Amino acid sequence: MRTNPRNKEGVVNIQIYKPLYDKIAKLADEQNITIKEYVNKFLEGHVITIELMRQRFSQIMQVGATDTAVLMQDKGKNVIASVTMQKNGDMHCSACKKDFCEHIFASLFSPSWITILQNMGKEDTLQSS
Ligand SMILES: [Zn+2]
């Protein structure tokens, strides 16, 4: 990792794609903070979340995803749970047959939900047109 030797803060430069940078700049502006503060605050929260999830749910980890489900392996229970969301927003875990459990909670931090929710949005658009 290379740091700028002129920078006493030990700041590392990274490259962010311009369209994303523009969105981040707008969000930072809305919070009246600098882009650097915004990015560091966001990334710190992300890293802390991952660390806490690994401590709290050490037996549960995502092993995959489909167009409609996040697949969570539970080494303690020796199962793979398929976590899905119904059109009304209710969640379901195939392993527990419940609408809320540790598998569902752990899955909520998966970025795979972004794709699944985008797919659900496209289905709604197709059905309503
Ligand atoms: Zn479950």
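Residues numbered from 1 in each chain as written. Predicted model: local features only at pLDDT ≥ 70, side-chain atom pairs only at ≥ 80, totals over all residues.

(A) Structural detail: the nonpolar core. One finds Ile60, Val70, Met72, Ala81, Val83, Cys93, Ile104 and Ala106 forming the largest nonpolar core, which totals eight residues. If we skip the residues at most four places from it in the chain, alanine 81 touches Met72, Asp74, Cys93, Ser94, Ala95 and His103. (Core = buried A, V, L, I, M, F, W, Y, C linked by C-beta atoms within 7 Å. Buried ≥ 20, exposed ≤ 12 C-beta atoms within 10 Å, placed from the backbone. Contact = placed C-beta atoms within 7 Å.)

(B) Geometry of helix H1 (residues 18-30). Between its first and last C-alpha atoms H1 spans 18 Å; for 13 residues at 1.5 Å apiece the expected length is 18 Å, and the two agree. Across the 13 residues of H1, zero count as buried, placing the element largely on the outside. Within two residues after H1, asparagine 32 carries a phi angle of roughly 60 degrees, on the positive side. (Helix = DSSP H or I, 4+ residues; strand = E, 2+ residues; numbered from the N terminus. Expected span 1.5 Å × (residues − 1).)

(C) Quick peek at the pairing of strand S3 (residues 79-85). Here strand S2 (residues 69-74) runs beside S3; their pairing, made up of six bridges, is antiparallel. Residue pairing across strands places leucine 71 opposite serine 82, the latter belonging to S3. With antiparallel pairing between neighbouring strands as the criterion, S2 and S3 make up a hairpin whose turn holds four residues, including asparagine 78 at a positive phi of roughly 55 degrees. The pairing of S3 with strand S4 (residues 91-93) spans three bridges and is classified as antiparallel. In the strand pairing of S4, methionine 85 is matched with methionine 91. Hairpin connection from S3 to S4: five residues lie between these consecutive antiparallel strands, with glycine 89 at a positive phi of about 95 degrees. (Pairing = 2+ DSSP bridges.)

(D) Fine view of the domain arrangement of the protein. Per the domain assignment, the segments making up the protein are domain 1 (18-56) and domain 2 (60-128). Relative placement of domain 1 and domain 2: their C-alpha centres are 24 Å apart. (Domains from an automatic or database assignment.)

(E) Molecular detail of the pairing of S2. The alternating pattern of S2 places Val70, Met72 and Asp74 on a buried face and Ala69, Leu71 and Gln73 on a face that is not buried. Here five bridges tie strand S1 (residues 60-65) to S2, and the two strands are oriented antiparallel to one another. Looking across to S2, one finds that methionine 61 is bridged to glutamine 73. Linking S1 to S2, which pair antiparallel, is a turn of three residues.

(F) View of unusual backbone geometry. For asparagine 32, which is not a glycine, the phi torsion comes out positive at approximately 60 degrees. Mapped onto the secondary structure, asparagine 32 falls in the loop between H1 and helix H2 (35-56). In this structure, asparagine 78 takes a positive phi of about 55 degrees despite not being glycine. Structurally, the position occupied by asparagine 78 is in the loop between S2 and S3. According to the C-beta neighbour criterion, asparagine 78 is exposed, with 8 such atoms within 10 Å.

(G) Highlighting the sheet that holds S3. In spatial order, the strands read S1-S2-S3-S4; together these four strands make up an open sheet with antiparallel pairing. A strand with exactly one partner marks an edge of an open sheet, and here the two such strands are S1 and S4. Each strand of the sheet is rotated relative to its neighbour by a mean of 25 degrees, with strand direction disregarded. (Axes fitted to C-alpha atoms, helices over the stretch in contact; angles between N-to-C directions.)

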